[in-house]
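What follows is the residue order along each chain.
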Amino acid sequence: VYVLGIETSCDETAAAVVKNGRAILSNVVASQMESHRRFGGVVPEIASRHHVEQITLVIEEAMQQAKVSFTDLQAIAVTAGPGLVGALLVGVNAAKALAFAHGIPLVGVHHIAGHIYANQLVSEMKFPLLALVVSGGHTELVYMEEHVKFKVIGETRDDAAGEAYDKVARALGLPYPGGPHIDRLAQEGEPTIDLPRAWLEEGSYDFSFSGLKSAVLNTLHRAKQRGEEIDPKQMAASFQASVVEVLTTKTLQAAKQYRVRQVLLAGGVAANRGLRTALGERMRQELPGVELVIPPLSLCTDNAAMIAAAGTMLYWQGRRSDLALNADPSLPLA
Ligand code: ATP
Ligand code: MG
Ligand code: FE
């Protein structure tokens, strides 16, 4: 089964062809990062315009690299939400046009289902499993008993992890997106600054990062008033230590309580080296029988191979979208 995936939910125009939901035949990503950098974040109008300019080229490139033609495809999978509505529409309309023109089934995919299914491109899913989704817009613990059945057991009450990274990076004068820069500085510094950990109520798998973010901003502000300098490496390391400790602790607690066979890491922040290392070490020590799957960096950030992988599973389950498929900026996962 060959599936073409299309992803345009944010600032990456992406298309990919995946075989049997597991093998990547092509994975093309056109990033607009440079165009948004001077604004310090993604500008929706600019994103839509770039998607319009890139989408046809990116899809053609993905088909060529995979050496398949449209008659070989069993389905076209496209991110239908959540994301920026104008950006999503470019992908959804391209997918609908191609599905209609070539008579190929269309499958709408939830962007976060895609991030989770990036793991299928690495290792086969074993149920029940727990996915820690950490991205620019989401921080969730998702429990799955079977394919494409998602139960959100915990989520952020304010900022997403990636959002917190980007805001703290901005306060440290680092370029957008700041996550990778903080990660790099954190490797070089020591977590010497005392910052809070938001555990919330006993037994809760929810997250909160706004208090941590405020604590960082206040610490930087107070130091500045006193004319002192804070070493950005130490601040990055201290911030990352707090984020990683909370994320790993709650993930392990949930994995134990739900007796899962596998833990998956998903989303852009899954590229974080501190998180990858800490989760790996703690899983080995505290849950040695449970498999940890972490996608390579290129499959953690937005891409279309993950959308094709999730789309293939939905296709096998008989899910189809019709040509009335619309972009839904706040599409729910469950
Ligand atoms: P969503 O998937 O929730 O819709 P998104 O698609 O914008 O949001 P992703 O592309 O999945 O988010 O991830 C981007 C985020 O990942 C950014 O906030 C970025 O700073 C963060 N990020 C990327 N690499 C790292 C890293 N090494 N450490 C920490 N954060 C990182
Ligand atoms: Mg992105
Ligand atoms: Fe994403």
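Criteria and cut-off values
Residues numbered from 1 in each chain as written. Chains lettered and ligands numbered in written order. Predicted model: local features only at pLDDT ≥ 70, side-chain atom pairs only at ≥ 80, totals over all residues. UniProt positions renumbered as here; feature names shortened; annotations may be inferred. Helix = DSSP H or I, 4+ residues; strand = E, 2+ residues; numbered from the N terminus. Core = buried A, V, L, I, M, F, W, Y, C linked by C-beta atoms within 7 Å. Buried ≥ 20, exposed ≤ 12 C-beta atoms within 10 Å, placed from the backbone. Contact = placed C-beta atoms within 7 Å. Pairing = 2+ DSSP bridges. Axes fitted to C-alpha atoms, helices over the stretch in contact; angles between N-to-C directions. Right-handed = clockwise from strand over helix to strand, strands pointing away. Parallel < 35°, antiparallel > 145°, perpendicular 65-115°, else oblique. Nonpolar A, V, L, I, M, F, W, Y, C, P; charged D, E, K, R; others polar.

Taking an unreviewed UniProt entry as the reference, the protein chain is identified by name as tRNA N6-adenosine threonylcarbamoyltransferase belonging to Geobacillus subterraneus. In its Sequence similarities (unreviewed entry) section, the UniProt record describing the protein chain reads: "Belongs to the KAE1 / TsaD family." Reading the Catalytic activity (unreviewed entry) entry of the UniProt record for the protein chain gives the comment "L-threonylcarbamoyladenylate + adenosine(37) in tRNA = N(6)-L-threonylcarbamoyladenosine(37) in tRNA + AMP + H(+)".

Draft legend 1. Looking closely at the UniProt feature "domain: Gcp-like" (unreviewed entry) in the protein chain. Residues annotated by UniProt as "domain: Gcp-like" (unreviewed entry) correspond here to residues 24–308. Secondary structure across residues 24–308 divides into 48% helix and 16% strand, with the first and last C-alpha atoms of the span separated by 9 Å.

Draft legend 2. Broad picture of the nonpolar core. Counting 101 residues, the largest nonpolar core has Ala16 and Ala308 as its most contacted members. The element best represented in this core is helix H8 (residues 232–257), accounting for ten residues. When neighbours within four sequence positions are excluded, Ala308 is seen to be in contact with Val3, Leu4, Gly5, Ala16, Val17, Val18 and Ala77.

Draft legend 3. Region of the structure containing the sheet that holds strand E1 (residues 2–7). Pairing within the open sheet is mixed, and its five strands lie in the order E3-E2-E1-E4-E5. Because the sheet does not close on itself, it has two edges, and the strands there are strand E3 (23–31) and strand E5 (106–110). Across this sheet, the average inter-strand angle for adjacent strands is 20°, counted without regard to direction. Relative to E5, strand E4 (residues 75–81) runs parallel, the two sharing five bridges. What sits directly across from Ala77, in E5, is Val107. Helix H2 (residues 44–66) rests against E1, strand E2 (12–19) and E3 of the sheet, and its axis sits at about 20° to E2. In this fold helix H3 (residues 85–102) packs onto E1, E4 and E5, with an angle of close to 155° to the strand it touches most, E4.

Draft legend 4. The arrangement of the sheet that holds strand E6 (residues 129–134) in detail. If you walk across this open sheet you meet the five strands as E8-E7-E6-E9-E10, and the pairing is mixed. A strand with exactly one partner marks an edge of an open sheet, and here the two such strands are strand E8 (151–155) and strand E10 (291–293). Adjacent strand axes in the sheet meet at a mean angle of 20° when their direction is disregarded.

Draft legend 5. Quick peek at the pairing of E4. The buried fraction of E4 is high, at seven of seven residues. Pairing of E1 with E4 involves four bridges; the strand directions are parallel. Within E4, the residue paired with Val3 across the bridge is Ala75. In the classification by handedness, the crossover that spans E4, the intervening H3 and the parallel E5 is right-handed.

Draft legend 6. How the structure looks around the environment of His51. Position of His51 relative to the elements: it lies in helix H2. The sequence separation of His51 and Val90 amounts to 39 residues, and the corresponding C-alpha distance is 6.5 Å. Excluding residues that lie within four positions of it along the chain, His51 makes contacts with Thr8, Thr13, Ala87 and Val90.

Draft legend 7. Structural context of the packing of helix H5 (residues 161–171) against helix H6 (residues 179–188). Between H5 and H6, the shortest axis-to-axis distance is 8 Å and the interhelical angle comes to 75°. In terms of orientation, H5 lies roughly perpendicular with respect to H6. On the side of H5, the interface is formed by Gly162, Tyr165, Asp166, Val168 and Ala169, while H6 contributes Gly179, His181 and Ile182. Residues that form the contact of H5 with H6 fall into these classes: four nonpolar, three polar and one charged.

Draft legend 8. Representation of unusual backbone geometry. Cis geometry marks the peptide bond from Gly81 to Pro82, where omega comes out at -10°. Counting through the fold element by element, Pro82 comes out in the loop between E4 and H3. Omega for the peptide link from Tyr176 to Pro177 comes to -10°, which places this bond in the cis form. One non-glycine residue, Lys67, adopts positive backbone phi at about 55°. Within the fold, Lys67 resides in the loop between H2 and E4. Judged by local crowding, Lys67 falls into the exposed class, with 10 C-beta atoms found within 10 Å. Although it is not a glycine, Val148 sits at a positive phi angle of roughly 50°. Here Val148 is to be found in the loop between strand E7 (139–144) and E8.

Draft legend 9. Region of the structure containing the pairing of E1. With five of its six residues buried, E1 lies for the most part within the structure. The hairpin turn running from E1 into E2, its antiparallel successor, is four residues long.

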